[in-house]
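# Chain and residue survey
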Amino acid sequence: MVGIGLGFVVLYTGLYFQATNFTTLTLLYIRTILNEAMNTIIYDMKDLEADRINGVDTFPLVLGIQNTKYLLHFINVTVAAITLAGFLIHAFPLCSLGLLVSLPYFTFLIEYLVHVPYRKGHLLLQYTLLDGTYMVMVPFVLLLANYF
């Protein structure tokens, strides 16, 4: 639900500024929904025990950890493919390729968050990695924007 809401923010912002390239808006909308869905599911993997205790049906509880990891990797590759496709069809500028850093970043998060010692400790690292997602990607986008 969060992803859909943020996707509409992207869509409405583009429409407000009278963007006429609906391909760009559509790709950004889909990319935002998938990216935020992935982020939400990763959060669900982090607090698995609390969801189980409170009876909250999340992807990790319903599908299991391994199947959830497969789903997240699929979404991750799809988001990267949308970003690359958007650049190749000239819907996204060159600096958008900096967002491809999300592919290895989310792969790391997906694999690292399933380990019990990580979920039980290192809260500062845990929240920094999850909440700092865009802080990792922004420097790459800005770097590409300045040089190209």
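Before reading further, recall that the structure is shown in the block above.
Notes on the structure in this doc start here. (Residues numbered from 1 in each chain as written. Predicted model: local features only at pLDDT ≥ 70, side-chain atom pairs only at ≥ 80, totals over all residues. Heavy atoms only, no water.)

We now examine the overall build of the chain. Looking only at helices and strands, the chain features nine helices and zero strands. The linear arrangement of helices and strands in the chain, starting from the amino end, is α-α-α-α-α-α-α-α-α. Put simply, the chain has 148 residues, and 37% of those count as buried. Here the contacts in the chain between residues at least 6 apart in sequence split such that 63% fall between residues at least 24 apart. Counting only carbon and sulfur atoms, one obtains 73% of the accessible surface of the chain, whose full area is about 8600 Å². (Helix = DSSP H or I, 4+ residues; strand = E, 2+ residues; numbered from the N terminus. Buried < 20%, exposed > 50% of the residue type's maximum accessible area, 1.4 Å probe, protein only. Contact = heavy atoms within 4.5 Å. Areas by Shrake-Rupley, 256 points an atom, 1.4 Å probe, with all protein chains shown as cover.)

Here we come to the nonpolar core. Residues Met 38, Ile 41, Ile 42, Met 45, Leu 72, Ile 75, Val 79, Tyr 105, Phe 106, Leu 109 and Ile 110 constitute the largest nonpolar core, which totals 11 residues. Non-local contacts of Leu 72, meaning those with residues more than four positions away in its chain, are made with Met 38, Ile 41, Ile 42, Met 45 and Ile 110. (Core = buried A, V, L, I, M, F, W, Y, C linked by side-chain atoms within 4.5 Å.)

Time to look at helix H6 (residues 102-112). Buried residues of H6: Ser 102, Tyr 105, Phe 106, Leu 109 and Ile 110, and no others. Viewed along the axis of H6, the buried residues span an arc of 130°, placing them on a single side of the element. (Arc of directions from axis to C-beta.)

This paragraph deals with unusual backbone geometry. Look at His 90: it is not a glycine, yet its phi comes out positive at around 65°. Considering the arrangement of structural elements, one finds His 90 in the loop between helix H5 (65-88) and H6.

A word on the packing of aromatic side chains. All told, the structure shown has one aromatic pair when counted by the stated rule. The interplanar angle of 80° and the centroid separation of 5.9 Å between the aromatic rings of Tyr 105 and Phe 106 together place this pair among those described as edge-to-face. The exposure classification of Tyr 105 matches that of Phe 106, with both residues buried. (Phe/Tyr/Trp six-rings, centres within 6.5 Å; stacked < 30°, edge-to-face > 60°.)

Among the surface-exposed residues, Phe 59, Val 62 and Leu 63 lie close enough to one another that they form a single nonpolar patch of about 280 Å² accessible area. Looking at where Leu 63 falls in the secondary structure, it is placed in helix H4 (residues 59-63). Judged by its relative accessible area of 36%, Leu 63 is partly exposed. (Patch = residues over 30% accessible without salt bridge, like charges linked within 9 Å, V, L, I, M, F, W, Y side chains within 5 Å. Salt bridge = Lys/Arg side-chain N within 4 Å of Asp/Glu carboxyl O.)

Moving on to the packing of helix H2 (residues 22-46) against H5. In contact at an axis separation of 10 Å, H2 and H5 are set at 155° when each is read in the N-to-C sense. Relative to H5, the element H2 is oriented roughly antiparallel. Where H2 crosses over H5, the handedness of that crossing is left-handed. Two secondary-structure elements touch here, H2 through Leu 27, Ile 30, Arg 31, Leu 34, Asn 35, Met 38, Ile 41, Ile 42 and Met 45 and H5 through Ile 65, Thr 68, Lys 69, Leu 71, Leu 72, Ile 75, Asn 76, Thr 78, Val 79, Ile 82, Thr 83 and Gly 86. (Axes fitted to C-alpha atoms, helices over the stretch in contact; angles between N-to-C directions. Parallel < 35°, antiparallel > 145°, perpendicular 65-115°, else oblique. Left-handed = near helix turned anticlockwise from the far one by under 90°.)

What follows concerns the packing of H2 against H6. The interhelical angle for the contact between H2 and H6, taken along N-to-C directions, is 25°, at an axis separation of 10 Å. As judged from the angle between their axes, H2 and H6 are roughly parallel. As for how H2 packs across H6, the hand of that crossing is left-handed. Contact residues: Arg 31, Asn 35, Met 38, Asn 39, Ile 42 and Met 45 in H2; Ser 102, Phe 106, Leu 109 and Ile 110 in H6. For the contact of H2 with H6, the per-class residue count stands at six nonpolar, three polar and one charged. (Nonpolar A, V, L, I, M, F, W, Y, C, P; charged D, E, K, R; others polar.)

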